Structures are given as C-alpha cells and as structure tokens.
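Structural features, examined
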Amino acid sequence: MFLVTGATGGIGRKVVRLLRQREQSVRVFVRLNSRYSELEHRGAEIFIGDLLEEKDIQKASRGVRYIISAHGSDSDALSLDYRANIELIDQAKANGVEHFVFISVLGADRGYEDAPVFKAKRAVERYLAASGLNYTILRPSGLASNLLPLVERFRETGLYLLVGDRKNRTSIVSTDDLARIVVDSVTVEGARNQILPVGGPEILLREDIPRIFGRIFAKEPVIINSPLFVIDGLQGALGLFNPQIQKALGTYRTLLANEFFCTKDEIANLEVIFNFQLETLENFLRRYLAV
Ligand SMILES: NC(=O)c1ccc[n+]([C@@H]2O[C@H](COP(=O)([O-])OP(=O)(O)OC[C@H]3O[C@@H](n4cnc5c(N)ncnc54)[C@H](OP(=O)(O)O)[C@@H]3O)[C@@H](O)[C@H]2O)c1
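Right, let's walk through the structure included here. Computed from a predicted model, the values in this text were never measured in an experiment. Residues take numbers from 1 onward in each chain, read along the sequence in its written order. In keeping with the predicted nature of the model, local features appear solely for residues at pLDDT of at least 70, side-chain atom pairs appear and are counted solely at 80 or more, and the whole-chain, interface and lining totals rest on all residues.

1. Concerning the overall build of the chain
Note the cut-off: By definition, any uninterrupted DSSP run of H or I lasting at least four residues is a helix, any uninterrupted run of E lasting at least two residues is a strand, and each is numbered from the N terminus. The globule rule is 2.2 Å times the number of residues to the power 0.38, and the radius of gyration it is compared with is taken over C-alpha atoms. Buried, partly exposed and exposed are defined by the number of other C-beta atoms within 10 Å of a residue's own C-beta, namely 20 or more, between the two limits, and 12 or fewer respectively, with C-beta atoms placed from the backbone. C-beta atoms are placed from the backbone for every residue, and two residues are taken to be in contact when these atoms lie within 7 Å.
Each helix and strand in the chain was counted, giving 12 helices and 11 strands. Against the globule reference of 19 Å for 291 residues, the chain gives a C-alpha radius of gyration of 19 Å, in line with a compact fold. A buried classification covers 43% of the 291 residues belonging to the chain. Taking contacts inside the chain between residues at least 6 apart in sequence as the whole, the part at least 24 apart equals 76%.

Written as structure tokens, this is what we have:
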C-alpha cells in the first residue's frame, strides 16, 4: 500500500493515476473539501484528514509500505512543508515503511534566507537522510503543467507576462515524467538514498517559453516584461496586513529572482537511472493542447 499526500495537487494526482494504472493499492490523504472523487473512481482508498493534525498523519500511515510526500503549503511552510513531513517520516519509521519519496525543490540547498519553503524542504531533506529509512529526495524545477493556464491565455491574447530577468535559465520538467520518476523511485536501485535534481531535457531561457507558445500557435508573442521590484512593492504593502503572506511572497520572489535549471550531466544521470528519455516542454504542451 502506498500513502500519497498532496494527491489532489499537480504532481500528486498524476502519481496516483500512474499507481492505479499499474494496479498498485494507494491510500490518498485528502481534505474533506479536496477534489478527490476522480481518485476514488480510479480505486484509491480515500483517507480524509488534515496534514496540520498529527493524529491524522498517524492514522493515515498505519499499514503502509511506501510513502510519497507530494503536498504543498500555500502560505504555511512551517506547519506543512516542515512539521507535517517530519511527522510523516517519524510515522514511516514507526510503521516499518520500506521507502519514502519526498518532493523537495531545486535549489533547496542554496540557503535562500527569505524563502520559507526552501528552508523547510532543506531541513526535511536532512531529517529524512538521517532517518535510517530508504528514501529518494527529488528536487524538481518548474512543472510544465503550471504553464497550461498561461498557454491558454496566450492562445486567446498573444500576451505573456514575464516578471524578472528574461535571460534567466530554467529547465521545465514534464509533470508526467516527474510522476513516473516519483513512482519508479521506490523500485529503481539507482534512486535509493539519492537526492536527485529533476528538470526537462533542455536548458531554456525564460523568454524561450513565450517563443515556444508562439511556435505552437504560429503567433508572434507579445512579452510584457515587468521588473522584480513590482513584487518587492507588493510584498512590502501586504506585509503591513499579513506577515504570513509576506513570507510566502519571499519564496515566490526567490523563484522569480534566480535561475533554476539542471545541468546536462544531471539530466543524463536521471535518464540513465530511470531508463527513459525526458520530454521537452514543447512536446508536453503539444500533447496537452492536441496541436
Ligand atoms: N509546482 C511546481 O512547479 C513545483 C516545483 C518544485 C517543487 N514542487 C513541490 O512539489 C510539491 C507538490 O506541488 P504541486 O504543485 O503538485 O502542489 P499543488 O498543486 O499546489 O497541490 C498541493 C496539494 O497539497 C494539499 N494540501 C495542502 N494543504 C493541505 C493540508 N493541510 N492537508 C492535506 N493536504 C493539503 C492540497 O490539497 P487540496 O486539494 O485540498 O488543496 C493539494 O493536494 C510541493 O511540495 C511543492 O513545493 C512544486
């Protein structure tokens, strides 16, 4: 039995679909208000709880063989990115779990002081690596599925909003490839007790993304390039009313202000370990848009 947290999220939902396609038994940790009926139809066991509650994590972890932690946190990195994962790891130990897969983030080890999610992920990585459990820590770059709403807007308007440096490098990973890597991590020998950066096969400049959109729809992109200080202004203003949102914006700003890409060697290593070729962003988008 797999336990998957964040099963209704961008990554988790694809992980559960793949596990069910492979006829694996899966317990999904969902909130009462989550959109989980599709997962139930696919035969996942529904566990309703809240990751803010330790006792829910304890109950959900009983009798499971593998844990995949794929939940996000919105603005509460301390409770969800940090505490909930520490509790999941403790419960994995208590229940004799065979393998723990943790979705971290590319750059978790760079010491970004103002990015609570990055700090929480790094602390959890350390805790997991020292836990004695078999583990795989995956550090993805941006997900291709995040771009689907933007590509739809581009289809209608031809516009693309790019905040920050348009020359910053990125390697967007196909969300389907990432899900496959997550699922295979529990069985593939080369993934055991590894920390793996996960990106797409190409290093892109951020301005390449609207160019790819333009190629797909044969439309010249209009790029609206906004400077980063717009975010700084927003962060300052919101901080007056809600310090938690201000901190969450720190993570967002870190994502916009820095480069997040995998080297060619890291991608080649990933393809060797998991024995498949990663798909390009353009291929992913064409598949989803059926163009
Ligand atoms: N998206 C990216 O580009 C990216 C890149 C690198 C790393 N990551 C990491 O990958 C992980 C998954 O990201 P994602 O984009 O797939 O996440 P997402 O789409 O934002 O989904 C978040 C998931 O967490 C669940 N969740 C949030 N609070 C919860 C709570 N209190 N109790 C139970 N479940 C809760 C949500 O449930 P509901 O459906 O109920 O809201 C949802 O299923 C995150 O840890 C993120 O940091 C993401």
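2. As for the site of the ligand
Filter applied, for reference: We count a residue as near a molecule or strand when its backbone-placed C-beta atom lies within 6 Å of that partner.
Every one of the 23 residues lining the ligand counts as a neighbour, but Gly9, Gly10, Ser34, Leu51 and Gly72 are closest to it. Per-element accounting of the shell around the ligand gives the leading share, three residues, to helix H1 (residues 10-21).

3. Here's the deal with unusual backbone geometry
Unlike most non-glycine residues, Asp74 shows phi in positive territory, near 50 degrees. With respect to the helices, strands and loops of the structure, Asp74 is situated in the loop between strand S4 (66-69) and helix H4 (77-94). Phi is positive for Ala290, which is not a glycine, with a value near 55 degrees.

4. Quick look at the packing of H1 against helix H7 (residues 175-184)
Heads up, the condition is: Here the axes come from fitting lines to C-alpha atoms, over the contacting stretch only for helices, and the angles between their N-to-C directions go from 0 to 180 degrees. Throughout this description, any angle smaller than 35 degrees is read as roughly parallel, any larger than 145 degrees as roughly antiparallel, any in the 65 to 115 degree range as roughly perpendicular, and the remainder as oblique. Crossing handedness is defined as follows: a turn of the near helix away from the far one that is anticlockwise and smaller than a right angle gives a left-handed crossing, while the clockwise case is right-handed. Any residue outside Ala, Val, Leu, Ile, Met, Phe, Trp, Tyr, Cys, Pro, Asp, Glu, Lys and Arg is labelled polar, Gly included; the first ten of those are nonpolar and the last four are charged.
Running from amino to carboxyl end, H1 crosses H7 at an angle of 60 degrees, the nearest separation of the two axes being 9 Å. The orientation of H1 with respect to H7, classified from their angle, is oblique. Where H1 crosses over H7, the two elements pack in a sense that is right-handed. Within the contact between the two elements, H1 uses Gly10, Ile11, Lys14, Val15, Leu18 and Leu19 and H7 uses Thr175, Asp176, Leu178, Ala179, Arg180, Val182 and Val183. When the residues that make up the contact of H1 with H7 are grouped by side-chain class, the tally is eight nonpolar, two polar and three charged.

5. With respect to the sheet that holds strand S9 (residues 194-198)
Using the following cut-off: In this analysis, strands are considered paired if DSSP registers two or more bridges between them.
Taken together, the seven strands give an open sheet; going across it, the order is S3-S2-S1-S4-S5-S6-S9, and neighbouring strands pair in parallel fashion. Each having just a single partner strand, strand S3 (45-48) and S9 make up the two edges of the open sheet. Along the sheet, successive strands turn relative to each other by an average axial angle of 15 degrees, direction set aside. Pairing between strand S6 (residues 135-140) and S9: five bridges, direction parallel. If you follow Pro140 over to S9, its bridge partner there is Val198. In the packing of H7 onto the sheet, the strands contacted are S4, strand S5 (99-103), S6 and S9, and the crossing angle to S6 comes to about 165 degrees.

6. Examining helix H12 (residues 281-289)
Stated precisely, the cut-off is as follows: Directions are taken from the helix axis to each C-beta atom, and the arc is the one they span.
Looking only at H12, the buried set comprises Leu281, Phe284 and Leu285. Along the axis of H12, the buried residues cluster in a sector spanning 95 degrees; they form a single face. Packed against the buried residues of H12 are helix H6 (148-157), strand S10 (204-205) and helix H8 (208-217). One or two residues past the end of H12 sits Ala290, with phi positive at roughly 55 degrees.

These figures capture arrangement, not role.
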